[in-house]
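Summary of the model geometry
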Amino acid sequence: MDTREALGSWIDGPKAAAEKMGADFGHRGERLGLPKEGPGSVAGPGRRIGALVVDGWLVSMISYGLIAKGDAGHANLWTTPLFFVVTAVLLSTVGTTVGKRLFGLRVVRLDGQRATIPQVLLRTVLLCLVVPPLVWDRDTRGLHDKAVGTVEVRI
């Protein structure tokens, strides 16, 4: 076998090459005991990114209109702290944010229960740092979710 074949192409990556050779990685969330699709399955990256965009947009509009009263420079200073507060409060109380609710998502612990307040606070801090959510595992769980033992599932 050619080493290029074992490593996969730069587009497909090593996972596609391994699957081509017969490896079975299962569906997203299988290692966590979650269903393949439907309610309770791991949310895909598209839905999660869409929810994050909606939440960020709403928070920036609140920051611009209500806190900074139209001053864009002042609004930029308040957007991230306000995002942290809104996200932490909503996830702690109802388990979802406005954006997540629109996209049919919920943050839960690995056992399916609502995330605890310390889990939500640490998850939100890591989310605000931006880099941890960009590092995914095979189940497309971000590093911020892995660090606190949570997962975003479909409702």
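Residues numbered from 1 in each chain as written. Predicted model: local features only at pLDDT ≥ 70, side-chain atom pairs only at ≥ 80, totals over all residues. Heavy atoms only, no water.

**A short note on the pattern of salt bridges**
Where charged atoms from two side chains of opposite charge come close, those side chains can pair. Considering all chains together, one arrives at 7 salt bridges under this definition. The partner of Asp-139 in a salt bridge is Arg-31, and the shortest N-O contact between them spans 2.9 Å. With Asp-139 in the loop between α7 (131-134) and α8 (143-148) and Arg-31 in the loop between α2 (13-20) and α3 (45-67), this pair connects stretches of sequence that are 108 residues apart. Given the relative accessible area of 48%, Arg-31 is considered partly exposed. In this structure, the salt-bridge partner of Glu-152 is Lys-100, at a minimum N-O distance of 3.4 Å. Of this pair, Glu-152 sits in strand β2 (residues 150-154) while Lys-100 sits in helix α5 (residues 98-102), and the two are 52 residues apart along the sequence. Using a relative accessible area of 6% as the deciding quantity, one classes Glu-152 as buried. Residue Lys-100 is classed as buried on the basis of its relative accessible area, which comes to 6%. Among the charged side chains, a network of salt bridges with common partners joins Arg-31, Asp-137, Asp-139 and Lys-146. (Salt bridge = Lys/Arg side-chain N within 4 Å of Asp/Glu carboxyl O. Helix = DSSP H or I, 4+ residues; strand = E, 2+ residues; numbered from the N terminus. Buried < 20%, exposed > 50% of the residue type's maximum accessible area, 1.4 Å probe, protein only.)

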